[in-house]
Amino acid sequence: MRIINKTRNTKETEIALTLNPYGSGVCEISTPIVFFNHMLELLSTHAMLDLKIDAKSIDSDTHHLVEDVAITLGQALNDALGNKIGINRYAHTILPMDESLVMCAVDLSGRAYCNCDIKIKEEKISDFETVLLAHFFHSFANNASITIHLRLLGGSDPHHIIECTFKAFARAIKHAMAIDQNNPDKIPSTKGTL
């Protein structure tokens, strides 16, 4: 498990990212989407990831920017976890934020799947299209090769719901990545590999 540097340059975006999965939550986030910056800062803080992201949009399409950040971050996490020896692998959390309540369960399985059951009526919060919430987590799961289940258990304020979702995911991923002190040299699978 190590510090990973990743770049992704396309005709749509330019992404430069540095990830330390076992950091202290230090982050430096720069994208043209202010609300997305805030969500990535929450992810870094609550998962204790040291995270530096410099993301530029070439085509001014926020969909492409959010997707490419998720792809790059997912690939970086997959690289950082390596063979996953000693990790807990599974984790879940139910996280409240005022009236909002979100459940997140993750499996760092090596198999990509995402079920994001977070329905938001509003189309936009600040400068962030709400449809991009699910797209971020699907893209992240596919590129990190992990399973993510997200479910909204309650909530009415869309800002709180999205923030609660990122925090719940951050807390779950932190615990799934943590080293199992009773089995620090074992891969958590009967197959002997993940």
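That block above? That's the structure.
Residues numbered from 1 in each chain as written. Predicted model: local features only at pLDDT ≥ 70, side-chain atom pairs only at ≥ 80, totals over all residues. Heavy atoms only, no water.

### Here we look at the side chain of threonine 165
- With respect to the helices and strands, threonine 165 occurs in helix α4 (residues 158-177).
- Residue classification places threonine 165 among the buried positions, given a relative accessible area of 0%.
- Residues in contact with threonine 165, not counting those within four places in the same chain, are Val102, Ile118, Leu133, Phe137 and Leu150. (Helix = DSSP H or I, 4+ residues; strand = E, 2+ residues; numbered from the N terminus. Buried < 20%, exposed > 50% of the residue type's maximum accessible area, 1.4 Å probe, protein only. Contact = heavy atoms within 4.5 Å.)

### Some points on the sheet that holds strand β6 (residues 100-107)
- Sheet architecture is open: 4 strands sit in the order β5-β6-β10-β7, paired in mixed fashion. Since the sheet does not close on itself, it has two edges, and those belong to β5 (90-97) and β7 (113-117), each with one partner. Within the sheet, the average angular offset between the axes of one strand and its neighbour, ignoring direction, is 10 degrees.
- Note: β6 against strand β10 (residues 147-154), 7 bridges, orientation antiparallel. Paired with cysteine 104 across the two strands is leucine 150, which belongs to β10. (Pairing = 2+ DSSP bridges. Axes fitted to C-alpha atoms, helices over the stretch in contact; angles between N-to-C directions.)

### Thoughts on the nonpolar core
- Residues Phe128, Phe136, Phe137, Phe140, Ile148, Ile162 and Phe169 are the most contacted members of the largest nonpolar core, which totals 61 residues.
- Among the elements that make up this core, the one with the highest residue count is α4 (11 residues).
- Not counting residues up to four positions away in its chain, the partners in contact with phenylalanine 140 are Ala70, Leu73, Gly74, Leu77, Ile146, Ile148 and Phe169. (Core = buried A, V, L, I, M, F, W, Y, C linked by side-chain atoms within 4.5 Å.)

### Here's the deal with the packing of aromatic side chains
- Inspection of the entire model under this criterion finds 9 aromatic pairs.
- Measuring from ring centre to ring centre gives 5.5 Å for phenylalanine 35 and phenylalanine 128, while their planes differ by 40 degrees; the resulting arrangement is tilted. Of this pair, phenylalanine 35 sits in helix α1 (residues 34-47) while phenylalanine 128 sits in strand β9 (residues 128-129), placing them 93 residues apart in sequence.
- Under the relative-accessibility criterion, phenylalanine 35 is labelled buried at 4%.
- In this structure phenylalanine 128 comes out as buried when scored by relative accessible area, which is 1%.
- Members of the aromatic cluster, connected to one another through ring pairs, are Phe35, Phe36, Phe128, Phe136, Phe137, Phe140, Phe166 and Phe169. (Phe/Tyr/Trp six-rings, centres within 6.5 Å; stacked < 30°, edge-to-face > 60°.)

### Details of the packing of helix α2 (residues 62-81) against helix α3 (residues 131-144)
- Their axes nearest at 7 Å, the elements α2 and α3 cross at an angle of 30 degrees. As the angle between them shows, α2 and α3 are arranged roughly parallel. Of the two elements, α2 crosses α3, and the hand of that crossing is right-handed. Listed contacts from α3 to Thr62, His63, Val66, Glu67, Ala70, Ile71, Leu73, Gly74, Gln75, Leu77 and Asn78 of α2 are Leu132, His135, Phe136, Ser139, Phe140, Asn143 and Ala144.
- Considering only residue class, the contact of α2 with α3 consists of 9 nonpolar, 8 polar and 1 charged. (Parallel < 35°, antiparallel > 145°, perpendicular 65-115°, else oblique. Left-handed = near helix turned anticlockwise from the far one by under 90°. Nonpolar A, V, L, I, M, F, W, Y, C, P; charged D, E, K, R; others polar.)

### A word on the environment of leucine 43
- Structurally, leucine 43 can be placed in helix α1.
- With a relative accessible area of 1%, leucine 43 lands in the buried category.
- With 124 residues separating them along the chain, leucine 43 and lysine 167 place their C-alpha atoms 6.2 Å apart.
- Ignoring any residue separated from it by four or fewer positions in sequence, one finds leucine 43 in contact with Met48, Leu49, Leu73, Phe166, Phe169 and Ala170.

### Some remarks on the pairing of strand β4 (residues 50-57)
- Where strand β2 (residues 13-20) meets β4, 8 bridges bridge the pair, whose relative direction is antiparallel. Across the sheet, the residue bridging to alanine 16 is aspartate 54, located in β4.
- As paired strands, strand β3 (residues 27-30) and β4 are joined by 4 bridges and run parallel to one another. Bridge assignment links serine 30 to a residue of β4, and that residue is aspartate 54.
- In terms of handedness, the path from β3 via α1 over to β4 forms a crossover that is left-handed. (Right-handed = clockwise from strand over helix to strand, strands pointing away.)

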